[in-house]
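This is what each chain is made of:
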Amino acid sequence: MSDKETKKYLQQSHDKIFESNKKWAEEMKTKNPEFFDKLSEGQAPDYLWIGCSDSRIPAEAITGLGPGEMFIHRNIANLVCNTDLNVMSVVNYAVRHLKVKHIIVCGHYGCGGVKAAMTPQDLGLLNPWLRNIRDVYRLHEQELDGITDEAERYDRLVELNVVEQCRNVIKTAAIQQAYKRDGFPIVHGWVFGFRDGLLKDLKIDFEKMLGEIQKIYNLAD
Amino acid sequence: MASYQDAIDRLVAGNRVYAQRTAERDPNAFSELSKGQAPEVLWIGCADSRVPETTICGCRPGDLFVHRNIANSVQGDDINAASVVEYAVTHLKVKKVVVCGHTKCGGAAASLGDADLGVMLNTWLHPIRELRRTHKSELDRLPDDDARALRVAELNVQQSLDVLKQHPAIKKAVNDRGLSLHGVIYDIGHGQLRLLDDAGVKKANGLWAAPN
């Protein structure tokens, strides 16, 4: 493409977003004239979703939810790092202010971030972030080393990463204190698969995990 | 406890419908998606449940690489957002970076006052609260808090773009291949996106110049 053609193409793809947005807004208004007025009043989502930035997994679309229903944080490889003020602020706001009932950490098979972390390569600015995934591997080194098929090993690391991030959510004071007081939120670990578009529940036993975690990380009192 | 589980059942059912409909419309949809992603746009938006980017833009899975946090704030010392930018710009080679603020933003509204939101949120919102101080006379002239919160939301988009412009991957991509940055505001009360015409570096590559 020539420079001029590239610019024209970029302009069109950008225009398309605004056109689609207008069309969507009109459709919603036709279906329900009060739709936007209601949303304007505030949000009370039941769910907090912590997912991957990957463009192929728009949380609300793959769960069939509409605007107003799910509070969403997305980052590289759906990590919940203990010292990350960004994700910790999201968890804090969702639990203490919005009082969400469920927190879903959702990973996905074929995750580029997880793959990058398994590549013995200096990735510059991404190194510190992806090191958290290498740490997950180290925690489960024996199990992962025992899987001979590379694709299978990689899929398993995606799952173990989700479980570890659920643990990190449960380590926070916000979750432990809210659960003790209200009996929620409950933390879930899921994995999205591209092969069939379905979510797999890793069936985390929330209460058991909370109990184990509180042996060392108890911040409930 | 039953009702809590019902809320989860709802997501699982919604996902089944999504998977079925997608496969019905295009039997190859998932095998295509499983090959990889090549999104054109990095979307940095608010975690607010009322601004689901893919839905409001009428986009499809695969279109937008997404980072969402409290008040769509990009901060220089935040490794989370910086990693998203690095991956999207250097590895996926997105062509555009969009920062989207919105009306009725809880973060922007909270930044107008000094209420103690706990140490975590106070720290995260500090750069936005600073905007109130640095733009005090302009904000004081506005008629009410709704208008002030909206202006803070706009200034916050601008501030996030300013931080993004200093990201090494973005600097390089703007120079090497004409990556462009754009600021938008989503109006929750009308469901519409509005482009902030003074926000980006769009003039650098001719995009969004006056229509000819």
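In this text, all values refer to a predicted model and were calculated from it rather than measured experimentally.

(A) Focus on the interface of chain B and chain A. Contacts between the two partners involve 77 residues from chain B, matched on the other side by 77 residues from chain A. Between chain B and chain A lies a buried interface of about 6,700 Å² when both sides are counted; carbon and sulfur atoms form 63% of it. On inspection of chain B and its partner chain A, the count reaches 2 salt bridges. Linking B:R10 and A:E69 is a salt bridge whose minimum nitrogen-to-oxygen distance equals 2.6 Å.

(B) Region of interest: the domain arrangement of chain B. The domain boundaries assigned to chain B delineate domain 1 (1–35) and domain 2 (37–205). The C-alpha centroid of domain 2 of chain B is placed 30 Å from the C-alpha centroid of domain 1 of chain B.

(C) A look at the confidence of the model for chain B. Averaged over every residue, the pLDDT of chain B is 91; residues scoring 70 or more account for 91%. Within the model, the stretch residues 199–212 of chain B combines pLDDT values under 50 with 28 contacts to residues more than four positions away or in other chains.

(D) Representation of the UniProt feature "binding site: Zn(2+)" (unreviewed entry) in chain B. Residues and elements named next belong to chain B. In this structure's numbering, the residues bearing the UniProt feature "binding site: Zn(2+)" (unreviewed entry) are C46, D48, H102 and C105. In terms of the greatest pairwise C-alpha distance, the residues named above, spread along 60 residues, form a tight cluster of at most 9.2 Å across. Its place among the elements puts C46 in strand β1 (residues 41–46). For C46, a relative accessible area of 6% corresponds to the buried category.

(E) Just the UniProt feature "coiled-coil region" (unreviewed entry) in chain A, in detail. When the UniProt feature table is mapped onto this chain numbering, "coiled-coil region" (unreviewed entry) sits at residues 130–157 of chain A. Note that residues 130–157 of chain A is 82% helix and 0% strand, and that its end C-alpha atoms are spaced 13 Å apart.

(F) The arrangement of the packing of aromatic side chains in detail. All names here are of chain A. Tallied over the entire structure, the rule returns 8 aromatic pairs over all chains. Note on F71 and Y93: the rings are 5.8 Å apart at their centroids and 35° apart in plane angle, and the pair reads as tilted. Separated by 22 residues along the polypeptide, F71 in strand β2 (residues 70–75) and Y93 in helix α4 (residues 85–97) bring together distant segments of the chain. Accessibility expressed as a relative area gives 1% for F71, which makes it buried.

(G) Highlighting the UniProt feature "binding site: Zn(2+)" (unreviewed entry) in chain A. Residue and element names in this part refer to chain A. This chain's UniProt record puts "binding site: Zn(2+)" (unreviewed entry) on C52, D54, H108 and C111. With respect to the helices and strands, H108 occurs in strand β3 (residues 102–108). You can call H108 buried: its relative accessible area is 1%. With near-sequence residues (within four places) excluded, H108 lies in contact with C52, D54, R56, I57, V158, V191, F192 and F194.

(H) Geometry of the packing of helix α8 (residues 150–170) of chain A against helix α10 (residues 206–217) of chain A. All names here are of chain A. Where α8 meets α10, the closest approach of the two axes is 10 Å, and the angle between their N-to-C directions is 65°. Relative to α10, α8 is oriented so that their crossing is right-handed. Along the contact surface, α8 presents V163, C166, R167 and I170, while α10 presents F206, M209, L210 and I213. Residue classes in the contact of α8 with α10 are distributed as 7 nonpolar, no polar and 1 charged.

(I) Representation of helix α6 (residues 119–134) of chain B in the model. Given a rise of 1.5 Å per residue, 16 residues ought to cover 22 Å, and the 22 Å separating the end C-alpha atoms of α6(B) matches this to within 8%. Taking the largest bend as the criterion, α6(B) deviates by roughly 55°, centred on B:H126, and proline B:P127 comes between one and four positions later. Listing the buried residues of α6(B) in full gives B:L121, B:W124, B:L125, B:I128, B:R129 and B:L131. Looking at the buried residues of α6(B), the elements they touch are α4 of chain A together with β2 (64–69), α5 (106–110), α7 (136–140) and α8 (145–164) of chain B.

(J) The layout of surface pockets, seen in detail. Estimates place the volume of the largest pocket at around 1,200 Å³. Taken together, 38 residues form the lining of the largest pocket, with B:T54, B:C59, B:R60, B:P61 and B:D63 sitting closest to its centre. Elements that contribute at least two residues to the lining of the largest pocket include exactly α1 (3–31) and α3 (59–63) of chain A together with α1 (2–25), α2 (29–33) and α3 (53–56) of chain B. A class-by-class count of the residues in the lining of the largest pocket yields 16 nonpolar, 12 polar and 10 charged. When its volume is computed, the second largest pocket comes out at roughly 490 Å³. Forming the walls of the second largest pocket are 25 residues, and the residues nearest its centre are A:C81, A:N82, A:T83, A:D84 and A:N132. Only α4, α6 (127–139) and α8 of chain A together with α6 of chain B provide two or more residues apiece to the lining of the second largest pocket. The biggest single contributor to the lining of the second largest pocket is α6(A), with 7 residues. Here the lining of the second largest pocket is built from residues that sort into 10 nonpolar, 8 polar and 7 charged.

Rules used in this analysis
- Residues numbered from 1 in each chain as written.
- Chains lettered and ligands numbered in written order.
- Predicted model: local features only at pLDDT ≥ 70, side-chain atom pairs only at ≥ 80, totals over all residues.
- Heavy atoms only, no water.
- Contact = heavy atoms within 4.5 Å.
- Buried area = accessible area lost by both parts, 1.4 Å probe.
- Salt bridge = Lys/Arg side-chain N within 4 Å of Asp/Glu carboxyl O.
- Domains from an automatic or database assignment.
- pLDDT = per-residue confidence, 0-100.
- UniProt positions renumbered as here; feature names shortened; annotations may be inferred.
- Helix = DSSP H or I, 4+ residues; strand = E, 2+ residues; numbered from the N terminus.
- Buried < 20%, exposed > 50% of the residue type's maximum accessible area, 1.4 Å probe, protein only.
- Phe/Tyr/Trp six-rings, centres within 6.5 Å; stacked < 30°, edge-to-face > 60°.
- Axes fitted to C-alpha atoms, helices over the stretch in contact; angles between N-to-C directions.
- Left-handed = near helix turned anticlockwise from the far one by under 90°.
- Nonpolar A, V, L, I, M, F, W, Y, C, P; charged D, E, K, R; others polar.
- Expected span 1.5 Å × (residues − 1).
- Bend = angle between axes of the 7 residues up to and from the residue.
- 1 Å grid on protein atoms, 1.4 Å probe; cavity = no way out; pocket = protein on both sides within 12 Å on 5 of 7 lines; lining within 4 Å.
- Points joined across faces, edges and corners; volume = space filled by probe spheres on them.

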